[in-house]
Amino acid sequence: SMAYTFMSSIMIEGLRGAIAKRAAGPKQIPASALSAVPSEHMKSAVERSWEQVQALGTYNVGEILYRHTFMIMPEAIHLFPPEVRLKYREWSPDEGNDESNAYQSPALRKLFSKFVNAVGCAVVGLHDSSKLVPMLTQLGARHINYGVNEAHWETLGKAFKSALREILRESFTQEGEGAW
């Protein structure tokens, strides 16, 4: 899964930079991500499957993603205690008020949809690393404040691939899976 490996390598570099308290991250592709730079053919496969993901909507994909994340790494739920989830509430009447069950959380749906949106920006940015690299580096660095570590990014990648498999079904081909 090249595209996510590429993106997460850059986010992890941002996380490492924040841990080391280095100044702003790289503006070019870090060495750790060079081996995962997707080919033009892979970028096209990612873009085609991304169109199908977008059709479902980021909130729906966000919900599928957080459920897969917690299936793979149940302890990750501790990164999202009620006080964190409350920050991501929309407080609309149709959202519902119950945050007692993190597995049916409107706030987590919104929070994970933000990750889905970041992936969307990365998919669009696969052709322009001068914009993509700083965005992903900053995203990774920001998450040090939330207790995120490298294993969490790896788990999120597995969960994302699993969510894509659920969403895309038979159109999630070996080529598409490899490209992601």
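The structure under discussion appears in the preceding block.
Residues numbered from 1 in each chain as written. Predicted model: local features only at pLDDT ≥ 70, side-chain atom pairs only at ≥ 80, totals over all residues. Heavy atoms only, no water.

**Student:** Explain the environment of Phe70 to me, please; I cannot follow it from the model alone.
**Tutor:** Note on placement: Phe70 falls in helix H4 (residues 58–72). Placed 66 residues apart in sequence, Phe70 and Tyr4 show a C-alpha to C-alpha distance of 19 Å. Excluding anything up to four places from it in sequence, Phe70 contacts Ala76, Ile77, Phe80, Tyr103, Leu108 and Phe112. (Helix = DSSP H or I, 4+ residues; strand = E, 2+ residues; numbered from the N terminus. Contact = heavy atoms within 4.5 Å.)

**Student:** Can you help me understand the packing of aromatic side chains in this one?
**Tutor:** Where two aromatic rings form a pair, the distance of their centres and the angle of their planes describe that pair. If you walk through the whole model with that rule in mind, you get 9 aromatic pairs. Residues Tyr66 and Phe70 carry aromatic rings whose centres are separated by 6.0 Å and whose planes lie at 55° to one another, so their mutual orientation is tilted. With Tyr66 and Phe70 both in helix H4 and 4 residues apart, the pair spans about one turn of that helix. On the basis of an interplanar angle of 70° and a centroid distance of 5.2 Å, the ring pair of Phe160 and Trp180 is categorised as edge-to-face. Residue Phe160 is found in helix H8 (residues 150–168), and its partner Trp180 is found in the segment after helix H9 (174–179); the two are separated by 20 residues along the sequence. Judged by relative accessible area, Phe160 falls into the buried class, the value being 3%. On the accessibility criterion, Trp180 (2% relative accessible area) is buried. Three or more aromatic residues link up through ring pairs in this structure, and these residues are Tyr4, Trp50, Phe115, Phe160 and Trp180. (Phe/Tyr/Trp six-rings, centres within 6.5 Å; stacked < 30°, edge-to-face > 60°. Buried < 20%, exposed > 50% of the residue type's maximum accessible area, 1.4 Å probe, protein only.)

**Student:** In this structure, what is going on with empty space enclosed by the protein? I would like to understand it.
**Tutor:** Take a probe with the size of a water molecule and roll it over the atoms, and the empty space left behind shows itself. A full pass over the atoms with the stated rule returns 1 cavity of 30 Å³ or more. Volume-wise, the largest cavity comes out at about 30 Å³. In this structure, the largest cavity is lined by Tyr4, Met7, Met11, Phe115, Ala118, Val119, Leu136 and Leu139. For the lining of the largest cavity, the secondary structure elements donating two or more residues are helix H1 (2–19), helix H6 (106–125) and helix H7 (129–142). Residue composition of the lining of the largest cavity, grouped by class: 8 nonpolar, no polar and no charged. (1 Å grid on protein atoms, 1.4 Å probe; cavity = no way out; pocket = protein on both sides within 12 Å on 5 of 7 lines; lining within 4 Å. Points joined across faces, edges and corners; volume = space filled by probe spheres on them. Nonpolar A, V, L, I, M, F, W, Y, C, P; charged D, E, K, R; others polar.)

**Student:** Would you take a moment to explain the nonpolar core for this structure?
**Tutor:** Nonpolar side chains in soluble globular proteins tend to end up buried together. One finds Trp153 and Trp180 to be the most contacted residues of the largest nonpolar core, which totals 52 residues. Of all the secondary structure elements, the ones that give two or more residues to this core are H1, helix H3 (40–56), H4, H6, H7 and H8. No other element matches the 10 residues that H6 contributes to this core. (Core = buried A, V, L, I, M, F, W, Y, C linked by side-chain atoms within 4.5 Å.)

**Student:** How should the pattern of salt bridges be read in this particular structure?
**Tutor:** Two side chains of opposite charge can pair, provided their charged atoms sit close to one another. Applying the stated criterion to the full structure yields 7 salt bridges. Where Glu150 meets Arg16, a salt bridge forms, and the shortest distance between an N and an O atom there is 2.8 Å. Taken as a pair, Glu150 in helix H8 and Arg16 in helix H1 lie far apart in primary sequence, 134 residues in all. Residue class for Glu150 comes out partly exposed when judged on its relative accessible area of 28%. A relative accessible area of 35% places Arg16 in the partly exposed class. Its salt-bridge partner being Glu177, residue Lys161 comes within 3.8 Å of it at the nearest N-O pair. A residue pair is termed long-range when its members are at least 10 positions apart, and Lys161 in helix H8 and Glu177 in helix H9 qualify at 16 residues. For Glu177, a relative accessible area of 24% corresponds to the partly exposed category. (Salt bridge = Lys/Arg side-chain N within 4 Å of Asp/Glu carboxyl O.)

**Student:** Just checking my understanding: could you explain the packing of H4 against H8 for this structure?
**Tutor:** To characterise two packed helices, one gives the angle between the axes of the helices and the distance between these axes. In the contact formed by H4 and H8, the axes pass within 8 Å of each other and the chain directions differ by 125°. Between H4 and H8, the crossing angle belongs to the class labelled oblique. Two packed elements cross with a definite hand, and for H4 against H8 that hand is right-handed. Where H4 abuts H8, its residues Val61, Ile64, Leu65, His68, Thr69 and Ile72 lie against Thr155, Leu156, Lys158, Ala159, Phe160, Ser162, Ala163, Glu166 and Ile167. (Axes fitted to C-alpha atoms, helices over the stretch in contact; angles between N-to-C directions. Parallel < 35°, antiparallel > 145°, perpendicular 65-115°, else oblique. Left-handed = near helix turned anticlockwise from the far one by under 90°.)

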